[in-house]
Amino acid sequence: MAVKIVESGSISMSSGAAAEHTLPLLYFDLIWLDFVLTETLHFYPLKCSESRFLDTVIVSLKHSLSITLKHFFPLASKIIFPLTSAAMPVSRYTAGDSLSLTIATSDDDFSHVVSNRPKAADDFHQLIAQMPAAVYSSDDIKFSVFAIQLTLFPNQGICIGFTHHHSICDATTLSAFLHTWASINKSNGGEQLHQLPFYGRNSVQDSNKLTIAHWNIVKTNRPTVSLTPPSPSDKVRATFHLSNAQIERLRRWVAIKKPSIGRPSTFVVVCAYLWSCLAKSEVGNDDETQYLCSPVNCRGRLDPPLPENYFGNCSIQLIAASSHGRLKENEGFVAAAEAVAEAVNIAVKSSRVSEFYENRSEILSKLKGKRVVWVAGSTKVDQYGADYGWGRAAKYECVHTDFNGAVHLCKGRQGGIEMGFSMPKAKLFFFASVFNKYLFINSNL
């Protein structure tokens, strides 16, 4: 894949925005300061020449983006990370701040890029937006939190690539931004917003105590401010799909084998199936405890609850545990479902949020050196529904999983759930054989 940069620039808010906005980072946000930058790609089929792309499509996208930023101003802000003072990190927007926007073209075969079959993971990094350089001083570090790259595959399609600093917001907030931008672009700049972001911080459960405690933990680590070019790897990316019908069959399997679980959620079913398939495809000690960890949106589980349009991060880590021996056996899926369902029941308690964050470092330290399946994304987030006027996306890729090995979950383009993997080719093919084998075995349920 050869990608050519056509334009490197930036986009500011449209007129009418306030001159300055400051948003405190809370404990939900601080834990992500030194996390790898998130990198995602949305591919849209579009028969479009390069001249039309530059003269019409890009002009429209820039205009609608500037309007959208007026409502999602922290994405054009800088995070100020103090080095010497007693101040806390904040997101601050001042007049003239902007986000980086890169325009590019690619000569690759769009149909190959958007297919679910395995593809070289390294090829996707050329489609990822680069963050501007951070500004260092003796007092603080100021760095951008969001960047976009728009890449045309002439007469085939468009890729919208996002790089974002997780400390500014989570997938729920980012999805709201994408759908708002797409809606404004589709309506030719009309601001028919369904729901504006909620920026309130005063009512967040145990905010002051837990924010100070976590700042004292993370302030000795420098924040992640740029992308590290990946070393060449043998990893391939592939997407696996569970249809609604397959999920329902797996749900019935759990109900038959373990009635005490009740009717497991889609999240429980999907996580249990991928976890048990991974265990079956890997060699391990039968007595070894293995874990599955996933972020859980806790906006509605706080006391008092936060609205779903709360801007920022708001999640806790679900941690399920089982032995390799149980997970790899024929009934390993049921064992995994039992473990994930139990972890969900613990995570949904409002008291669990404070309990988890009061002991987060100790809880996560116990996972070091252990075999852990890290799950990113959510079975409730729709990565395909944002329509800029070209219809639904044809493909979604969560590229930063190349770095941390997580499995990404999202709603499928045509229903069901998609699972995005990045792993060595031989390992992926072995996993695929297990994944498909057990779906076939249970096809008659």
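Structural data are supplied above this passage.
Just so we're clear, the structure is a prediction, and the values are computed from it rather than from any experiment. Note that residues are indexed from 1 along each chain, following the sequence as it is written. Confidence filtering applies because this is a predicted model: local features only for residues at pLDDT of at least 70, side-chain atom pairs given and counted only at 80 or more, and all residues used for totals across whole chains, interfaces and linings. Values reported for side chains reflect all heavy atoms of the structure, with hydrogen atoms and water molecules removed beforehand.

(A) Structural context of the pattern of salt bridges. Any Lys or Arg side-chain nitrogen located within 4 Å of an Asp or Glu carboxyl oxygen qualifies as a salt bridge. Throughout the structure, instances matching the rule amount to 18 salt bridges. Where R371 meets E282, a salt bridge forms, and the shortest distance between an N and an O atom there is 3.5 Å. Of the two residues, R371 is situated in strand β15 (residues 371–377) and E282 in the loop between α7 (266–280) and β13 (289–297); the sequence distance between them amounts to 89 residues. Judged by relative accessible area, which is 26%, R371 ranks as partly exposed. Judged by relative accessible area, which is 22%, E282 ranks as partly exposed. Secondary structure elements are defined from DSSP: runs of H or I of at least 4 residues count as helices, runs of E of at least 2 residues count as strands, and each element is numbered from the N terminus. Relative accessibility decides the category of a residue: with a 1.4 Å probe and only protein chains considered, values under 20% of the type maximum give buried, values over 50% give exposed, and everything between is partly exposed.

(B) Fine view of helix α6 (residues 244–257). For α6, spanning 14 residues, the distance from its first C-alpha to its last is 20 Å, which sits close to the expected 20 Å at 1.5 Å a residue. Every buried residue belonging to α6 is among Q246, I247, R249, L250, R251, W253 and V254, and all of these are buried. To estimate the expected span of a helix, count its residues, drop one, and scale the result by 1.5 Å.

(C) A look at the sheet that holds strand β9 (residues 140–144). Paired strands, in this sense, are two strands between which DSSP finds at least two bridges. Taken together, five strands build an open sheet; the order of strands is β2-β5-β4-β9-β8 and the sheet is antiparallel. Single-partner strands in this sheet number two, and they are β2 (20–24) and β8 (135–136). Pairing analysis gives five bridges linking β2 to strand β5 (residues 90–94), with the strands arranged antiparallel. By the bridge assignment for β5, T22 is matched with R92.

(D) Structural detail: the sheet that holds β13. Ordered by their spatial adjacency, seven strands build an open sheet running β7-β12-β18-β17-β15-β13-β14, and the pairing between neighbours is mixed. Among the strands making up the open sheet, the edge pair consists of β7 (119–120) and β14 (315–323). Bridge count between β15 and strand β17 (residues 407–411): three bridges; the pairing is parallel. If you follow G377 over to β17, its bridge partner there is L409. Contacts were defined at the residue level, with two residues in contact if any of their heavy atoms lie within 4.5 Å. To get an axis, a line is fitted to the C-alpha atoms, and for a helix only the part in contact is used. The angle between two axes follows their N-to-C directions and goes from 0 to 180 degrees. On top of the sheet, α6 reaches β12 (235–242) and β18 (417–424); it is set at about 75 degrees to β12, its chief contact. α7 rests against β12, β13, β14, β15, β17 and β18 of the sheet, and its axis sits at about 150 degrees to β13.

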